[in-house]
Amino acid sequence: MSEHIQFPVGDQTLAIHAGEAPDPVTHASSPNLVMSTTYIVDTDTKFSVEGLQENDPWIYTRWGNPTVHQLEEKLAALEEAETAVAFASGMGAITTLLFHLLRPGDHAVVSDVAYAALSEITNDMIPEYGIEITKVNTSDIASVKNAIRSNTKLVYIETPCNPLLRLTDIKAVADLAHAAGAQLAVDSTFATPLATKPLQLGVDFVIHSLTKYIGGHGDALGGAILGSKADLIPLRKKTAIRFGGTLSPFNAWLILRGAATFPLRMRAHQENALKVAQYLESHPKVERVIYPGLPSHPQYELAKRQMKNFSGMLTFRVKDGAAQAKIFAEKLQVIHYAVSLGHHRSLIFYLNANDLLQTSFKFNTPEQLASWKEFAGDGLFRVSIGLEDADDLIKDLEQALG
């Protein structure tokens, strides 16, 4: 929290003020953008990062930067974390965490449905280093328990998961992981800090793609890991700085600017998404809608308990989705047919279930495949509901659905 505010404040105030203070020299109200890659230092400054201390002056922007630091302070305040480390992308954060924690002979339990790049790197590259990976449906707590071994070092979950929007009971999985001496990481990008505070439920590491809701405008890549200082100070020194996935100060400044309106935007995203989800659920061509804020979601009770905001992500299915995707790409006027999510603009993209089974998701049991088919069918539309008027989004979908 900013040093000039000496009393507890809410999320909206944190989003604006945390990590920031008026510049002591210029008295500028808005945060400064420091683009310098290097800084004037004392003659006893160490040349290797081995000598770096957490509170040392700025030396080199790959090691640390004032603007990036402001963003890290804001993120930590919003997530109620001790500290944060920012990266050039969400995958930069994910790969750094995996390579920092896991060694040959270790084992990790990973959600069988998760962000595609995470799924793919844990299908092939990570196992090539002698690290065992077990993919499970983490919404099934018994499956998580059965997958944990004596050499399990990490359990990795997403909730809601991408793209099925299945939920995982964070507290239950944290208890299982810690009882086995493992750590728990959660990708909370879909939920955001406004919906869920995973660290308060026992998580060790929280991951965010800042490209999505926290940045919020589709113009800056970024990622972050949040957690304790005991875990993240060594991660920054040993892995983040050496891997070099450094967040650009300009992107950090853009994300800081986006974060100021983050809580306001999330309330609008949820309001719009619920209206669109209810409309789609009533449409005769729509076979199924999946949205945590709908009573029809199979984990609606968990969603109400674990999420204070249901976010702007929903999926739906129609008969012959591939053909409908071509119609959407041609006919939608407000909603953009594009990948990504969490932007002020609404985005839609068709995910072919068979394609994803070939490229991203590898299921080990019939039960895993059945759960996938229950949610995904032959394919589903992933929709990131933006900040347009909900009535206009519904009109756009209505004229394109026919």
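Just above sits the structure.
What comes next is a walk through the structure. (Residues numbered from 1 in each chain as written. Predicted model: local features only at pLDDT ≥ 70, side-chain atom pairs only at ≥ 80, totals over all residues. Heavy atoms only, no water.)

1. Let's talk about the nonpolar core
Nonpolar side chains tend toward joint burial in soluble globular proteins.
Line of reasoning, step 1. Leu71, Leu75, Val155, Leu164, Leu184 and Trp372 are the most contacted members of the largest nonpolar core, which totals 61 residues.
Line of reasoning, step 2. With 6 residues, helix 2 (residues 66–79) is the largest single contributor of residues to this core.
Line of reasoning, step 3. Structurally, this core is a two-domain feature, drawing no fewer than three residues from each of domain 1 (11–257) and domain 2 (263–401).
Line of reasoning, step 4. Discounting residues that sit within four places of it in the chain, Val155 has contacts with Val109, Val144, Ile148, Val173, Ala177, Gln183, Leu184 and Ala185.
Line of reasoning, step 5. One finds Leu167, Tyr291, Ile348 and Tyr350 within the second-largest nonpolar core, a separate group that totals 33 residues. (Core = buried A, V, L, I, M, F, W, Y, C linked by side-chain atoms within 4.5 Å. Buried < 20%, exposed > 50% of the residue type's maximum accessible area, 1.4 Å probe, protein only. Helix = DSSP H or I, 4+ residues; strand = E, 2+ residues; numbered from the N terminus. Domains from an automatic or database assignment. Contact = heavy atoms within 4.5 Å.)

2. Topic: the side chain of Ser209
Line of reasoning, step 1. Structurally, Ser209 is set in strand 6 (residues 205–209).
Line of reasoning, step 2. Taking the relative accessible area as the measure of exposure, Ser209 reaches 11% and is therefore buried.
Line of reasoning, step 3. Apart from residues no more than four positions distant in its own chain, Ser209 is found in contact with Gly90, Thr189, Gly222 and Gly223.

3. As for helix 11 (residues 262–282)
Line of reasoning, step 1. End to end, helix 11 covers 30 Å across 21 residues, agreeing with the expected 30 Å (1.5 Å per residue, within 8%).
Line of reasoning, step 2. Within helix 11, burial applies to Phe262, Pro263, Arg265, Met266, His269, Asn272, Ala273, Val276, Ala277, Tyr279 and Leu280. (Expected span 1.5 Å × (residues − 1).)

4. Observations regarding a nonpolar patch on the surface
Line of reasoning, step 1. Together, Leu33, Met35 and Phe250 line one region of the surface with nonpolar side chains, adding up to about 260 Å² of accessible area.
Line of reasoning, step 2. The topology assignment puts Met35 in the loop between helix 1 (11–17) and helix 2.
Line of reasoning, step 3. Classification of Met35 as partly exposed rests on a relative accessible area of 48%. (Patch = residues over 30% accessible without salt bridge, like charges linked within 9 Å, V, L, I, M, F, W, Y side chains within 5 Å. Areas by Shrake-Rupley, 256 points an atom, 1.4 Å probe, with all protein chains shown as cover. Salt bridge = Lys/Arg side-chain N within 4 Å of Asp/Glu carboxyl O.)

5. Some words on unusual backbone geometry
Line of reasoning, step 1. Cis geometry is found at the peptide bond from Thr159 to Pro160, where omega equals -10°.
Line of reasoning, step 2. Mapped onto the elements, Pro160 comes out in the loop between strand 4 (152–158) and helix 7 (170–179).
Line of reasoning, step 3. Following Asn162, the chain continues to Pro163 via a peptide bond in cis, the omega torsion being 10°.
Line of reasoning, step 4. Structurally, Pro163 can be placed in the loop between strand 4 and helix 7.
Line of reasoning, step 5. Phi is positive for Thr192, which is not a glycine, with a value near 70°.

6. Some thoughts on the pattern of salt bridges
Oppositely charged side chains can form a pair if their charged atoms are brought close together.
Line of reasoning, step 1. Under the definition given, this model contains 14 salt bridges.
Line of reasoning, step 2. In this structure, Lys197 engages Asp11 in a salt bridge whose closest nitrogen and oxygen atoms are separated by 3.8 Å. Of the two residues, Lys197 is situated in the loop between helix 8 (192–195) and strand 6 and Asp11 in helix 1; the sequence distance between them amounts to 186 residues.
Line of reasoning, step 3. Given the relative accessible area of 16%, Lys197 is considered buried.
Line of reasoning, step 4. In this structure Asp11 comes out as partly exposed when scored by relative accessible area, which is 28%.
Line of reasoning, step 5. Ionic contacts of the salt-bridge type, sharing partners, join the residues Glu50, Lys238 and Arg242 into one network.

All quantities given are derived from atomic positions and should not be read as evidence of function.
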